Amino acid sequence: MKTAFQLSLHFSLLLLVSCYGGDGYDPLQNALKIQRSRRSALNHANNEAHSAEHSTSPVYIGPQDGLKVDDKISSLPGQPAGTNFDQYSGYVTVDPNHGRALFYYLAESPVNSSTNPLVLWLNGGPGCSSFGNGAMMELGPFRVNADNTTLSHNKYAWNKFANVLFLESPAGVGFSYSNTSSDYTTDDVQTAKDSYTFLINWLERFPEYKTRDFYITGESYAGHYVPQLAQLVLQNNKITNQTVINLKGIAIGNPYVDYEAEKTGMFDYFWTHAIISDQIHEGIISNCNFTEGAPKTDACKDYQYQAYTALSNIFPYDIYTPLCSPFSNSTPSISGFDPCTDSYTQGYLNTPVVQQSLHAKPVQWTSCNDFILFNWKDMPFTVLPVIQDLMASGIRVWIYSGDTDGSVSVTTSRYAINKLQTSVKTQWYPWMYQGEVGGYVVGYENLTFVTVRGAGHFVPSYQPGRALAVFTSFLEGKLPTNH
Ligand SMILES: *[C@@H]1O[C@H](CO)[C@@H](O)[C@H](O)[C@H]1NC(C)=O
Ligand SMILES: *[C@@H]1O[C@H](CO)[C@@H](O)[C@H](O)[C@H]1NC(C)=O
Ligand SMILES: *[C@@H]1O[C@H](CO)[C@@H](O)[C@H](O)[C@H]1NC(C)=O
Ligand SMILES: *[C@@H]1O[C@H](CO)[C@@H](O)[C@H](O)[C@H]1NC(C)=O
Ligand SMILES: *[C@@H]1O[C@H](CO)[C@@H](O)[C@H](O)[C@H]1NC(C)=O
Ligand SMILES: *[C@@H]1O[C@H](CO)[C@@H](O)[C@H](O)[C@H]1NC(C)=O
C-alpha cells in the first residue's frame, strides 16, 4: 500500500518535473491537486496579464558595462583539451529592489559565432535547472564523467550551429536567486516577465547579439514558458522604446501545453505501450473527464491510481531505459545514455571550485527546486491559444517529441496538435539520419511536428545525433530530410 501510494505520488508530478535518475524523486500529489483547484480561478489570468503589458512602462535596465568581461569563463575544472569556443556565465539582476537575479550560461559556437543565431534554452519543472539539466546532461558542450570531477565533449552539442544561452528561470532555480524569499512563490506570468527583463539586460551586456536572429527553445513545462515568453517578446516589440528582440521562432520538446491532452495522451500511451491492462484503460475512458471544469470522480481517481501502480518502477521519462542502480548494467540502455548522469552532475556542480569558475554564488545546487514547484501559483489549463497566436504571427513554430517518453508522450503532443485545428501541408513521412529512420515528420500550416525515434523526454540526452539533426533543420527552417 505504502509503495503504491508513493508510486502514485511519484508519477503524478513526474509529468512536470525534469528528473534524470529514474529513482528517488518523490513529488507530492497534493501539489497537483492544489494547482488544479487554483487553475479554475487563474487559468484565464495569463492572457489578460500579458495583454496588460501593453500599458506597462519600460523594464528595468541595470548598468552592464564591463560585466561581459567578468563573466568570461577561463575554463571549467576538468574541462577536456581542445575546447575551442568561448563560454560565459553570471548573473543578471532583474529586480534591484528585491535583489532578484537570474543565472545564465552562454556556450558560443566554435566556428561562425559572430553570424550564428542566438538560441535560448529553458528547462521545465516548474523549478528545474536549465544549466545543470539542459546544458550538462542534454544539449550543452560537456557531459560530467562518472568521477564527478572531469568533463567530456558532447560531440552533438547544439552550440556547433548556434550560440546557446541557458537561463536558470525563475529565481530560485539552479543558481538563480532572490534576496526576497517571497519571490520563490511565483507563477507563469512573473516567470515570463523576468525572463524578458533578463533578455533586455543581457543584450546590453552582449550588444553584439542585439540584432541577431533569436530563437526560444525548451522542453517539458517549458511548453508553458517558451510560448508565453515568445508572446511577451512579440507584444513588447510593438510598443517598446528599448531593444526590439529579433525573435524568429520557437521549438518545444515533449511539451506540457494542455492538461486534457496530457492526461488522455498519457493513459492512451500507457495502454498502447503495454504498461496498463485493458480494464484500467477502459476504466479511465469511461470514468474520467479531463476537460477543464469537469468534476473529478472517485472512480476516476481510483483507476488513475491503478494505472500508476501498474507502471511500477520503470522510468516514465524513457520507458525502456535502465534505472540508475547497481544492477543497471544488466539491461544496457538503447541510447547509451548513462542513467546516473544526474548524480555526477550533482556532484560536479556542488564543488566549490566549479561554482567559483562559473561565477556562481556558493549554494547547494539542485536539479529541481521542490519549493518552487509546490508553491506555483498559476498554471493555466492550456497554452494552446498562445501557440495559435504565435502560429499566426509568422514566426517559426516547431514541436518535437521523443517517442519513448511516457510522461509527456508523443500521443499527448498529437492530441494537443489536433486541438489546434491546423491543416496538413506536408504529409507525414519518415525522416532519415545516417541511413536510418530518425523519426517522423508532418508539416502543418504554420506548425511543424517532428518525432525522434527511440528518445525519451530528454531528447538530446537519449538521441543526441537525431536531436542535433532536428535542431539544425529547425534553424534552417527546412523539414528534416527524407534521404
Ligand atoms: C543580494 O544581497 C547580497 C548581500 O547583501 C548582495 O551582495 C547582492 O548584490 C544582492 N543581490 C542582488 C541581485 O541585488
Ligand atoms: C561557417 O559559415 C560558412 C559561410 O556561411 C559556411 O560555409 C560554413 O559551413 C560554416 N561552418 C560551420 C561549422 O557552420
Ligand atoms: C523610454 O520611455 C520612457 C518613458 O516612458 C523614458 O523614461 C525613457 O528614457 C525612454 N528610453 C529610451 C531609451 O528612449
Ligand atoms: C466533460 O466535462 C465537460 C465540462 O464539464 C462537459 O462539457 C462534457 O460534456 C463532459 N464530457 C463527457 C464525455 O461527459
Ligand atoms: C558524485 O556525486 C554524487 C552526488 O553528490 C555522490 O552521491 C557520489 O558519491 C559522487 N561520486 C564520486 C565518485 O565521488
Ligand atoms: C497561419 O498564419 C497566417 C498569417 O501568417 C494566418 O492568417 C493563418 O490564420 C494562420 N493559420 C493557422 C492555422 O495558424
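Quick caveat: nothing in here was measured; it's all calculated off a predicted structure.

**Comments concerning the overall build of the chain**
- Across its full length, the chain carries 17 helices and 13 strands.
- By the burial criterion, 51% of the 483 residues in the chain qualify as buried.
- In the chain, 73% of the contacts between residues at least 6 apart in sequence involve partners at least 24 apart.

**What to know about the confidence of the model for the chain**
- Overall, the prediction assigns the chain a mean pLDDT of 89, with 86% of residues at 70 or greater.
- In this model, residues 1-34 is a region of pLDDT below 50 whose contacts with residues beyond four sequence positions or in other chains number 77 contacts.
- Segment residues 40-53: pLDDT under 50, and 19 contacts once partners within four positions in sequence are set aside and those in other chains are kept.

**Digging into the environment of Ile372**
- For Ile372, the location among the structural elements is in helix α13 (residues 370-374).
- Residue class for Ile372 comes out buried when judged on the 20 C-beta atoms lying within 10 Å of it.
- Residues Ile372 and Gly172, 200 residues apart in the sequence, show an inter-C-alpha distance of 7.0 Å.
- Setting aside chain neighbours within four positions, we find Ile372 in contact with Gly125, Pro126, Gly127, Gly172, Val173, Tyr184 and Thr186.

**What about the pairing of strand β12 (residues 436-444)?**
- Here strand β11 (residues 424-433) pairs with β12 via seven bridges, running antiparallel. Within β12, the position partnered with Pro430 by the bridge is Tyr440.
- Linking β11 back to β12 in an antiparallel pair, the connection comprises two residues, with Gln434 at a positive phi of about 50 degrees.
- Here β12 runs beside strand β13 (residues 447-452); their pairing, made up of four bridges, is antiparallel. Its bridge partner lying in β13, Tyr444 is registered against Leu447.
- Hairpin remark: β12 followed by β13, antiparallel, with two residues in the connecting loop; positive phi at Asn446, about 65 degrees.

**Some details on the nonpolar core**
- Leu102, Tyr104 and Leu165 are the most contacted members of the largest nonpolar core, which has 104 residues in total.
- Per element, the largest residue contribution to this core is eight residues, and it comes from helix α6 (residues 188-205).
- The contact partners of Leu102, leaving out residues within four places of it in the chain, are Tyr91, Val92, Val94, Leu167, Glu168, Ser169, Ala171, Ser176, Asp194 and Phe198.
- In this structure, Met266, Phe267, Ile276 and Tyr303 belong to the second largest nonpolar core, which totals eleven residues.

**What about unusual backbone geometry?**
- Following Gly125, the chain continues to Pro126 via a peptide bond in cis, the omega torsion being 0 degrees.
- As for its placement among the helices and strands, Pro126 is situated in the loop between β3 (118-122) and α5 (130-139).
- With an omega dihedral of -5 degrees, the bond running from Ser169 to Pro170 counts as a cis peptide bond.
- Although it is not a glycine, Ala274 sits at a positive phi angle of roughly 60 degrees.
- On the secondary structure map, Ala274 appears in the loop between α8 (259-272) and α9 (278-287).
- Its identity is not glycine, yet Gln434 carries a phi of approximately 50 degrees, on the positive side.
- One can find Gln434 in the loop between β11 and β12.
- Residue Gln434 is classed as exposed on the basis of its C-beta count, with 8 C-beta atoms lying within 10 Å.

Calculation criteria
Residues numbered from 1 in each chain as written. Chains lettered and ligands numbered in written order. Predicted model: local features only at pLDDT ≥ 70, side-chain atom pairs only at ≥ 80, totals over all residues. Helix = DSSP H or I, 4+ residues; strand = E, 2+ residues; numbered from the N terminus. Buried ≥ 20, exposed ≤ 12 C-beta atoms within 10 Å, placed from the backbone. Contact = placed C-beta atoms within 7 Å. pLDDT = per-residue confidence, 0-100. Pairing = 2+ DSSP bridges. Core = buried A, V, L, I, M, F, W, Y, C linked by C-beta atoms within 7 Å.

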